[in-house]
Protein chains: 2
Amino acid sequence: MMNSGSEKQRPGEFELIAELFAPLATAPGAFKLTDDAAVITPPAGHDLIVTTDALVEGVHFFANDRPDLIAKKSLRVNLSDLAAKGSTPAGYLLVLSLPGRIDTDWLRSFAHGLAQDQREFGVSLLGGDTTATPGALTVAITAFGHVPAGKTIRRSGAQVGDLIYVTGTLGDAGAGLACLKEEGGSPSAADREYLVHRFQVPEPRMRLGAALIGLASSSLDVSDGLLADLDHMAETSAVRIEVEAARLPFSPALQHLWPDETQRMLQAATAGDDYEIAFTAPPHRREDIMQAAVDTGTTVSEIGRVVAGKRVALLDFKGHTIPVKCPGYVHF
Amino acid sequence: MMNSGSEKQRPGEFELIAELFAPLATAPGAFKLTDDAAVITPPAGHDLIVTTDALVEGVHFFANDRPDLIAKKSLRVNLSDLAAKGSTPAGYLLVLSLPGRIDTDWLRSFAHGLAQDQREFGVSLLGGDTTATPGALTVAITAFGHVPAGKTIRRSGAQVGDLIYVTGTLGDAGAGLACLKEEGGSPSAADREYLVHRFQVPEPRMRLGAALIGLASSSLDVSDGLLADLDHMAETSAVRIEVEAARLPFSPALQHLWPDETQRMLQAATAGDDYEIAFTAPPHRREDIMQAAVDTGTTVSEIGRVVAGKRVALLDFKGHTIPVKCPGYVHF
């Protein structure tokens, strides 16, 4: 059925949404969600950074996942993009497409998750749109941050001779998804909980991201898998990126789940949803980067180098290329 | 099925999307869609205005509608919000959730529609996200505009004594939807084509919107229906808005379709999807507004006044209130 003006389908529900979400609109330019649009202007001398990512039920999360965690992941995958650009987050717009089964409890939990993460990351809801859908629950967020003018850390800045770094550990989220799908391995309860949490509630590296301004030559967040994402970086920077397999950082839980080193390394280098930051910097910045890691409480590992050439390569301990099925997924 | 990294489901298709959409990213801050985020900074002395609206298959459009028209409507409903705030459009982000049936021809037509409207309205694609969905095709757009600092025309500025105006004609889109659903009336082919076009390709009033800065005291775009939207304006402005039914502007096609004056007036005042601008201004601005209408080639009709009190009221030619079922739909 088609309605002109979707709000007419379930007026009570949309009033509830307005009631639940208005307290989240703390920024003055959000006008408490009572206007057609929001005003967001970066501080003087700063650029505004914008990014958008959508999560779809059955593609990015399960229908019965906790609503507060769906809310957090939806926000965090966007904040992670902002972090990779060196920007400080400010606010976000929220587009919800809701199937008929969504009830009051679901909406309250979803709003609660957003409220918690707004405090955690210092952001405000700025506006949005809610529509009914005959299909899958979809959460699309557009996030805004600011960065000193002209200082945005691009994907395209990697230079021959740079070293490559990555934050945190790789492959946990992919393993967490495998656990949820009851695939591959019999983790302990504690390991399973850790890995699933890494899949459901990624940790955007906001503080390190901002600290990389002036240090990193290029940066991106690892969402499609380390090798696929570094392949994008190699392409836009017109360089070759060589990653040393033995240097990839793994969590204890991942080492327990996948004791075979080769399997672990290949899966972790190609699994998605890590939301760690991979970045490059010239060798003389090494000490500064390690200091930034300490200052921001972020684990940072050096994993390779930038050389002349094309594409990304995974190298074994002898420096030989390890064959990887890595189709170089295209971001839009 | 759930994939971590939805791009992996149909890599060929997502490469095609990147290929089709990259030429639309004409703004320097869009980085040709090769980065995680875009940079958008308003000109000095201007605020940035942001708005977001999503269209869902089966709710806002039909599955077999022309893809180029779906693209145009998705963009235009957002531009209409920018126009109502007095802002000049600059760019937009696009989130597409695509069911499996979407093919190359569909995507080409969709991109073609965007390209045409980018030229029409002087905007650039800035970035976006594409995901697969097991459900309904969903197009979510976030649009950006700029306005001289502090000059955004709010919903909340209507003052007692102001006059109320609306652009264009009312009810055409609602009648167009009725035609598509084969409901109510037997229009001529020409009238049907006109009304359906008004539903499928709304005309955002960009030039008049920008000309209203400094003239209008409050403004919004008519998306849920004139009375429902003016009720929002009355609430946020803490005033009463009285609309004279006899002054509502109708197209010839609507008058042919609904010859009964009362039925036409009630339906047109409550139908959604008009995307005309309703605004208020003090009486001494009347001449300036009529001049702005002429200068921008926009029809503007005076339809009522702002008085002390609450809510919106529709008045007959004797000044009596016409009872209208008008639940005051809640925007989020």
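Details of the structure are given in the entry above.
Conventions adopted
- Residues numbered from 1 in each chain as written.
- Chains lettered and ligands numbered in written order.
- Predicted model: local features only at pLDDT ≥ 70, side-chain atom pairs only at ≥ 80, totals over all residues.
- Heavy atoms only, no water.
- Helix = DSSP H or I, 4+ residues; strand = E, 2+ residues; numbered from the N terminus.
- Buried < 20%, exposed > 50% of the residue type's maximum accessible area, 1.4 Å probe, protein only.
- Polar contact = N/O pair within 3.5 Å; in protein donor to acceptor, adjacent residues only side chain to side chain.
- Contact = heavy atoms within 4.5 Å.
- Buried area = accessible area lost by both parts, 1.4 Å probe.
- Salt bridge = Lys/Arg side-chain N within 4 Å of Asp/Glu carboxyl O.
- Least-squares fit on C-alpha atoms with pLDDT ≥ 70 in both.

Draft legend 1. Here's a closer look at unusual backbone geometry. All names here are of chain B. Backbone geometry places D273, a non-glycine residue, at a positive phi of 70 degrees. The topology assignment puts D273 in the loop between helix 9 (261-270) and strand 9 (276-281). Located in the positive-phi region is R311, a residue other than glycine, with phi close to 70 degrees. Using a relative accessible area of 45% as the deciding quantity, one classes R311 as partly exposed.

Draft legend 2. Representation of the side chain of A:T142. Mapped onto the elements, A:T142 comes out in strand 5 (residues 138-148). When its relative accessible area of 4% is taken as the criterion, A:T142 is described as buried. A polar contact is formed between the side chain of A:T142 and the side chain of A:T52, at a distance of 3.3 Å. A polar contact of 3.0 Å, which involves the side chain of A:T142, links it to the side chain of B:T142. When near neighbours in sequence (up to four residues on either side) are disregarded, A:T142 contacts A:T51, A:T52, A:G91, A:Y92, A:L93, B:L93 and B:T142.

Draft legend 3. Inspection of the interface of chain B and chain A at higher detail. Facing 82 residues of chain B, the contacting portion of chain A comprises 81 residues. Between chain B and chain A, a total of about 6700 Å² is buried, with carbon and sulfur atoms accounting for 60% of that surface. Counting every contact that joins chain B to chain A gives 8 salt bridges. Notably, a salt bridge pairs B:D36 with A:R155, separated by 3.2 Å at the nearest N-O pair. At the boundary of chain B with chain A, the tally comes to 27 residue pairs in polar contact (both at pLDDT 80 or more).

Draft legend 4. Highlighting the relation of the copies chain B and chain A. Relative to chain A, chain B is turned by 180 degrees and slid 0.0 Å along the rotation axis, the superposed coordinates differing by an RMSD of 0.0 Å. Both copies are brought into coincidence by an operation consistent with a two-fold rotation axis. No C-alpha of chain B approaches the rotation axis more nearly than that of B:G135, which lies at 1.9 Å. Here 99% of the contact residues of chain B are again contact residues in chain A; the copies associate through an equivalent surface.

On their own, these measurements won't tell you what the molecule is for.
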